[in-house]
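Chain by chain, the residues:
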Amino acid sequence: GEIGETFYTAIDPRTQPGRDISASTVLWWLEQDQAARDKLTGAVKAADLLVDADPDSQEWAELAEQAAIPINHAAMAFNAWVSQFEDVECWTNGGVDHTWLNSMFEYSGFKNPIPYWKQRDYRTLKALYPDIKAETWGQAHNALDDAIKQPKHAAKIISTIGVDHVPPAPYAEWINRARGAEVE
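Residues numbered from 1 in each chain as written. Predicted model: local features only at pLDDT ≥ 70, side-chain atom pairs only at ≥ 80, totals over all residues. Heavy atoms only, no water.

(A) Spotlight on a nonpolar patch on the surface. Taken together, the side chains of Ile 21, Val 26, Leu 27 and Leu 30 define a hydrophobic patch exposed on the protein surface, amounting to about 400 Å² of accessible area. Relative to the helices and strands, Leu 27 resides in helix α1 (residues 23-30). Here Leu 27 falls in the exposed class, since its relative accessible area comes to 53%. (Patch = residues over 30% accessible without salt bridge, like charges linked within 9 Å, V, L, I, M, F, W, Y side chains within 5 Å. Areas by Shrake-Rupley, 256 points an atom, 1.4 Å probe, with all protein chains shown as cover. Salt bridge = Lys/Arg side-chain N within 4 Å of Asp/Glu carboxyl O. Helix = DSSP H or I, 4+ residues; strand = E, 2+ residues; numbered from the N terminus. Buried < 20%, exposed > 50% of the residue type's maximum accessible area, 1.4 Å probe, protein only.)

(B) Inspection of the packing of aromatic side chains at higher detail. Taken as a whole, this structure holds seven aromatic pairs when the rule is applied. Seen in terms of ring centroids, Trp 28 and Trp 29 are 5.0 Å apart; in terms of plane orientation they differ by 85 degrees. Their pairing is edge-to-face. Residue classification places Trp 29 among the partly exposed residues on the basis of a relative accessible area of 23%. Between the aromatic rings of Tyr 116 and Trp 117, the centroid separation amounts to 5.1 Å while the plane-to-plane angle is 90 degrees, which identifies the pairing as edge-to-face. (Phe/Tyr/Trp six-rings, centres within 6.5 Å; stacked < 30°, edge-to-face > 60°.)

(C) Representation of the confidence of the model for the chain. Residues of the chain with pLDDT of at least 70 account for 88%, and the chain-wide mean is 87. Element-level pLDDT for the chain is lowest in helix α8 (residues 171-179), with a mean of 63, against a maximum mean of 94 in helix α4 (residues 71-83). (pLDDT = per-residue confidence, 0-100.)

(D) Inspection of the nonpolar core at higher detail. If you look at the biggest cluster of nonpolar residues, it comprises ten residues: Ile 71, Ala 74, Ala 75, Phe 78, Val 82, Cys 90, Leu 101, Met 104, Phe 105 and Ile 114. When contributions to this core are tallied by element, the ones reaching two or more residues are α4 and α5 (95-108). The dominant element in this core, judged by the number of residues it contributes, is α4, at five residues. Those residues within four positions of Phe 78 in sequence are excluded, and the remaining contacts are Phe 7, Leu 101, Phe 105 and Pro 113. Counting residues in each nonpolar core, the second largest holds seven residues, with Tyr 122, Leu 125, Tyr 129 and Ala 154 among its members. (Core = buried A, V, L, I, M, F, W, Y, C linked by side-chain atoms within 4.5 Å. Contact = heavy atoms within 4.5 Å.)

(E) Spotlight on the packing of α4 against α5. Between α4 and α5, the shortest axis-to-axis distance is 9 Å and the interhelical angle comes to 110 degrees. Overall, the two elements α4 and α5 adopt an arrangement that is roughly perpendicular. Seen along the crossing, α4 lies across α5 with a hand that is left-handed. Here α4 contributes Ile 71, Asn 72, Ala 74, Ala 75, Phe 78 and Asn 79 to the contact with α5, which in turn contributes Leu 101, Met 104, Phe 105, Tyr 107 and Ser 108. Of the residues assigned to the contact of α4 with α5, the class counts are eight nonpolar, three polar and no charged. (Axes fitted to C-alpha atoms, helices over the stretch in contact; angles between N-to-C directions. Parallel < 35°, antiparallel > 145°, perpendicular 65-115°, else oblique. Left-handed = near helix turned anticlockwise from the far one by under 90°. Nonpolar A, V, L, I, M, F, W, Y, C, P; charged D, E, K, R; others polar.)

(F) Geometry of a negative patch on the surface. A surface patch of like charges, here negative, comprises Asp 54, Asp 56, Glu 59 and Glu 62. Using a relative accessible area of 43% as the deciding quantity, one classes Asp 54 as partly exposed. (Lys, Arg positive; Asp, Glu negative; His and termini not counted. Charge placed at Lys NZ, Arg CZ, Asp CG, Glu CD.)

(G) Representation of the pattern of salt bridges in the model. If you walk through the whole model with that rule in mind, you get four salt bridges. In this structure, Asp 48 and Arg 14 form a salt bridge, with 2.8 Å as the shortest nitrogen-oxygen distance. Residue Asp 48 is located in helix α2 (residues 34-52), and its partner Arg 14 is located in the segment before α1; the two are separated by 34 residues in the primary sequence. Its relative accessible area of 39% is what places Asp 48 among the partly exposed residues.

Structure, rendered in structure tokens:
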């Protein structure tokens, strides 16, 4: 249940020729907290300011830390980060996150370093155990904060249910029927 090393980088949406941001995504972001929106727009502004900053200055170092980067650089950086770990499993908040990772790597000319059999779905685990609540953590829709909150919650669920658990109804009933067992 402990959080190890983390990876975060903002991707500059202007560096993705041929890719679109859907209108529904833009509208969804407009409805989110100002702090979450500021994180995204601040990263793009930092990338713009970085161009004119002195590379030997403290200002440059601070801007580089927060600046959005091209999508192919993000793919390379993530690939390098993941490669330092053995037997990585990737938990995301739904299958679409895995699709987005695959899309980023394909667009950037790389192979996703997380094989499909190591991809896990936190959203399904959360839906199976809705009574085990997540603790508040960080800023909602900040990618790094979400990436910390979700495994904390997944670990809480797994430690609560234990190894020898009975799935919650209606899943237990469905599993028993699938096994051909009588349902009481």
